[in-house]
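A look at the structure
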Amino acid sequence: MTSVDVRTESDSEDSGPSGYAAARLRLLQGEARSGPPRRSALADLTDDWLTGLFTAAGAPRGAALVAVGGYGRGELSPRSDLDLLLLHDGSADAGEVAALADRIWYPIWDLGLALDHSVRTPAEARRTAGEDLKVQLGLLDARHVVGDLGLTAGLRTAVLADWRNLAPKRLPELRELCEERAERQGELSYLLEPDLKEARGGLRDATALRAVAASWLADAPREGLSDARRRLLDVRDALHLTTGRATDRLALQEQDQVAAELGLLDADTLLRQVYESARTVSYASDVTWREVGRVLRSRSVRPRLRAMLGGGKGAVAERSPLAEGVVEQDGEVVLARAARPERDPVLPLRAAAAAAQAGLPLSLHAVRRMAAAVRPLPTPWPAEAREQLVTLLGAGRPTVEVWEALEAEGLVTRLLPDWERVRCRPQRNAVHTWTVDRHLVETAVQASELTRRVGRPDLLLVAGLLHDIGKGWPGDHSEAGEIIARDVAARIGFDRADVAVLATLVRHHLLLIETATRRDLDDPATVRAVADAVGSTGTLELLHALTEADALATGPAAWSAWRGSLVADLVKRVGAVLSGEEPEKAEDFTPTAEQERLAVEAFRTGGPVLALRAQTEAVTAEEPTGDPEPLGVELVIAVPDQPGVLSAVAGVLAMHRLTVRTAELRGVRLPSGLEDSVLLLDWRVAAEYGSLPQAARLRADLVRALDGSLDIAARLAERDAAYPRRRGTVAPPPRVTVASAGSRLATVIEVRAQDAPGLLHRIGRALESAGVEVRSAHVSTLGANAVDAFYVTGSGAPLPGDRAAGVARAVEEALRG
């Protein structure tokens, strides 16, 4: 490390306070910017001065002056404490040792320097360290200054040995200290007036990582960590110089001066650097403490029991599949052995979605492997990539940790380049709790709790992620955000209509809250203006949920029952205006030639007939070789109309581990003129793992399910019982409603629930138990959410209001049970 030598001949001759003070002043007022060279030079200068004091005091043999803590690391900031230990072997008279201490401590105090001091023998130092974790942490950085070098070296060796021997006990204590401090001080990455030392992701955490590494149990990911720590120290140096105080809190009124001292453009640039550094430290801490936990858990299992469980030497941890190319191992999400990131551009999103849905962290190794090998997604994204992004956003609170893992390795900005402008961007508004980027993720988290209120949860979640994306640009962030949202939505594969809805949501994400709290809602012009801006009841529904999610993610002052009631009142009024428009008439369903052929055969044979057709995506021009990538399989089933068709088909698909992406059920008019005597089910399915089952096996099981010889519910229950339930994310409860004015010919029952194996089977059984006939069904899976509409009748007519409400309650109770 480079050092800055500011001593002169006169300084070297005068080891007194005035000589040291003058040299210290010249060093701190020199042209060199704050950084490791100046901190090291200040430590060297202080070492020389203390050496002179120690020598002049006539120190006895068997004594040494030891620097500990930050001074021991050679990192003296302008107003740092001097952490000193006067070490002695106990052979000298106690009065002589005390006199030596006075001759060293008092000159330090005379200069007004803060001093943390102690006088101990090696045995006393070790005993105190064993009782006080903070003392032990300071001694891990012990550095000899002057005196008996052997005494210092012996203490260092003993302290490190003690630390490593006691690591299984002390590391959990250290982790608890870090968590308690974070609870008190908050997260450095998001605070407008952060404590650079004590907040989570600050200098204390960086020191804790050094202590973990010294235990030899685990080590922090080193990439970027030393630079992050250096930047935080540089900011603290500049803060000390501009304030003249020993403070670690970066107050608002001092940020411009500190930025100028560091040669930065402005206070926002300063905070962004602080936030980026803190995130690096925080992420390294998360990874390191997880590794510590794994090591300690493995050590706590007795060798004999570990051998009985197959976990002896050379054993491999159990790997459970989560998604294609993604498995769970030892409490983390890792890549499967057969995964090939270089040929699977959707893998990062698939792995992230699987991790968030399972409530598990993404392995550092997996994220880095994907970041190094994965190729860019094509534009527009394939459907799977968009669905995986929606699934990730809809996982709730676990999304945050997974998103941070992707961001730590640069994967987020590679997927969404516009993210770079909002990343770590501060919000100088007391109402806001988070930086812009974290606020966007938090809005998606809040939106995941509201997905049961909207018909298009995928659009709600993506709008939550993008609604403030324009804050990285000059001008009105809503107007800039609308332009960016159009581009992003088209790039990730939404169709033109959905792109328009997302653009409207971003452009008007403040419309409802601002109108409700600042305008007269009794003025018809106010309601009409909002209706004109929103355009449709579906967009209004989404905007209402987005408004609430945005406010809840902003901070406790941004949402209240009063504000919520005002917005709800406005939404009710605007919805009434929008509902006055004449609805578009739905086109009659016309089957394709193949669908008609299947229907005729099913009617003729009296049994189910099905066809499977793979849907593929053409290989891009950049890859002239290779097979097309599978997107899923279209499954068309024709079956004579009879009770239980929907639940039987859904149950058979669930038994064969086929995930239903979309499904439609319709009655078909046969050429013979027999209307609705055959049901046609058109499904898009994908295998959860491995390959698709054979069509013949599907048909055989479907025949047994329809004639009652196959107990689907029991088979599904047995399979679920065979696998332990993952802790995962807690999904919002299902919601079943009757759609008002949904159809003149049938009653529309809407089901919004967490997608899960067998869900459609359970819904079908509940509807059959309620004694209604399903005339058509429109099922869609949006990320982790299922949004299903069932057109039902009783005796060929829509259900009366009371009975319709009862059917909805029965289905909801069945799904909650």
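The coordinates are above.
The present account deals with the structure reproduced in this document. (Residues numbered from 1 in each chain as written. Predicted model: local features only at pLDDT ≥ 70, side-chain atom pairs only at ≥ 80, totals over all residues. Heavy atoms only, no water.)

**As for the packing of helix α8 (residues 149-165) against helix α10 (residues 203-215)**
What counts, and what does not: Every axis in this analysis is a line fitted to C-alpha atoms, fitted for helices over the stretch in contact. Angles between the N-to-C directions lie between 0 and 180 degrees. Numbering of helices and strands runs from the N terminus; a helix is a DSSP stretch of H or I covering at least four residues, while a strand is a stretch of E covering at least two. For classification purposes, angles smaller than 35 degrees are called roughly parallel, those larger than 145 roughly antiparallel, those between 65 and 115 roughly perpendicular, and all remaining angles oblique. We call two residues contacting when some pair of their heavy atoms lies within 4.5 Å. Any residue that is not Ala, Val, Leu, Ile, Met, Phe, Trp, Tyr, Cys, Pro, Asp, Glu, Lys or Arg is counted as polar, Gly included; the first ten are nonpolar and the last four charged.
Where α8 meets α10, the closest approach of the two axes is 8 Å, and the angle between their N-to-C directions is 85 degrees. Relative to α10, the element α8 is oriented roughly perpendicular. Taking contact as the criterion, the partners of Leu160, Trp163 and Arg164 in α8 are, on α10, Ala211, Ala214 and Ser215. Of the residues assigned to the contact of α8 with α10, the class counts are four nonpolar, one polar and one charged.

**Thoughts on the pattern of salt bridges**
We apply this condition: Within this document, salt bridges are pairs made up of a side-chain nitrogen of Lys or Arg and a carboxyl oxygen of Asp or Glu, the two lying within 4 Å of each other. The cut-offs for exposure are 20% and 50% of the maximum accessible area for each residue type, with area from a 1.4 Å probe on protein chains only; residues under the lower value are buried, those over the upper are exposed, and the others partly exposed.
If you walk through the whole model with that rule in mind, you get 53 salt bridges. Across the pair arginine 229 and glutamate 75 runs a salt bridge whose closest N-O atoms are separated by 2.7 Å. Of the two residues, arginine 229 sits in helix α11 (residues 225-243) while glutamate 75 sits in the loop between α4 (69-72) and β2 (82-88), which places them 154 residues apart along the sequence. A single burial state applies to arginine 229 and to glutamate 75, both of which are buried. For glutamate 254, the salt bridge goes to arginine 245, with nearest N and O atoms at 3.4 Å.

**Description of the side chain of threonine 46**
Threshold: What qualifies as a polar contact is a pair of N or O atoms within 3.5 Å, subject to a donor-acceptor requirement within protein and to the restriction that residues adjacent in sequence count only when both atoms come from side chains.
Looking at where threonine 46 falls in the secondary structure, it is placed in helix α3 (residues 36-56). Taking the relative accessible area as the measure of exposure, threonine 46 reaches 0% and is therefore buried. Within the local environment of threonine 46, its side chain forms a polar contact with the backbone oxygen of leucine 42, the two atoms lying 2.8 Å apart. If we ignore the near neighbours within four places in the chain, the residues touching threonine 46 are Tyr20, Tyr71, Leu76 and Leu82.

**What to know about helix α21 (residues 457-466)**
The buried fraction of α21 is high, at ten of ten residues. For α21, the set of buried residues is Pro457, Asp458, Leu459, Leu460, Leu461, Val462, Ala463, Gly464, Leu465 and Leu466.

**Some words on unusual backbone geometry**
Excluding glycine, residues mostly have negative phi values, and the peptide bonds linking residues are mostly trans. Between threonine 379 and the following residue, proline 380, the backbone shows a cis peptide bond with an omega angle of -5 degrees. A positive phi angle, close to 60 degrees, is found at serine 795, a residue other than glycine. Within the fold, serine 795 resides in the loop between β15 (785-793) and α33 (801-816).

**What about α3?**
To keep things clear, this is the line we draw: How far a helix is expected to stretch is found by multiplying one less than its residue total by 1.5 Å.
End to end, α3 covers 30 Å across 21 residues, agreeing with the expected 30 Å (1.5 Å per residue, within 8%). One or two steps after α3, the chain reaches glycine 58, where phi turns positive at roughly 65 degrees.

**Observations concerning empty space enclosed by the protein**
Short version of the rule: Residues are said to line a cavity or pocket when one of their atoms sits within 4 Å of a point; the points come from a 1 Å grid over protein atoms alone, cavities being sets where a 1.4 Å probe fits but cannot get out and pockets being open sets with protein on both sides within 12 Å along at least five of seven lines. Grid points are joined across faces, edges and corners, and a volume is the space filled by probe spheres set on the points.
Scanning the model with the defined rule gives six cavities of 30 Å³ or more in all. Its boundaries defined by the atoms lining it, the largest cavity holds a volume of some 80 Å³. Surrounding the largest cavity, 14 residues form its lining, Gly394, Ala395, Gly396, Ser448 and Pro732 being those nearest its centre. Taken together, the residues of the lining of the largest cavity break down into five nonpolar, eight polar and one charged.

**With respect to the pairing of strand β6 (residues 326-329)**
Note the threshold: A pair of strands is considered paired only if DSSP assigns at least 2 bridges between the two.
Where strand β5 (residues 319-323) and β6 come together, four bridges link them in antiparallel fashion. Each bridged residue has a counterpart across the sheet, and for alanine 323 the counterpart in β6 is valine 326. Here β5 hands over to β6 after two residues, with glycine 325 in that stretch at a positive phi of 80 degrees. Inspection of the sheet shows β6 paired to strand β7 (residues 332-335) by four bridges, in the antiparallel sense. Within β7, the position partnered with glutamate 328 by the bridge is valine 333. Between β6 and the antiparallel strand that follows it, β7, lie two residues; aspartate 330 among them carries a positive phi value of about 55 degrees.

**A closer look at the packing of α21 against helix α23 (residues 496-507)**
Quick reminder of the rule: Crossings are sorted by hand: turned counterclockwise from the far helix by less than a right angle, the near helix makes the crossing left-handed, and turned clockwise it makes it right-handed.
Contact geometry for α21 and α23: axes closest at 10 Å, N-to-C directions at 45 degrees. With respect to α23, the axis of α21 lies oblique. In the packing of α21 onto α23, the handedness of the crossing is right-handed. Every residue of α23 that contacts α21 at Leu459, Val462, Ala463 and Leu466 is listed here: Asp498, Val501, Leu502, Leu505 and Val506. Partitioning the contact of α21 with α23 into residue classes produces eight nonpolar, no polar and one charged.

So, to be careful, I would describe these as geometric facts and stop short of saying anything about function.
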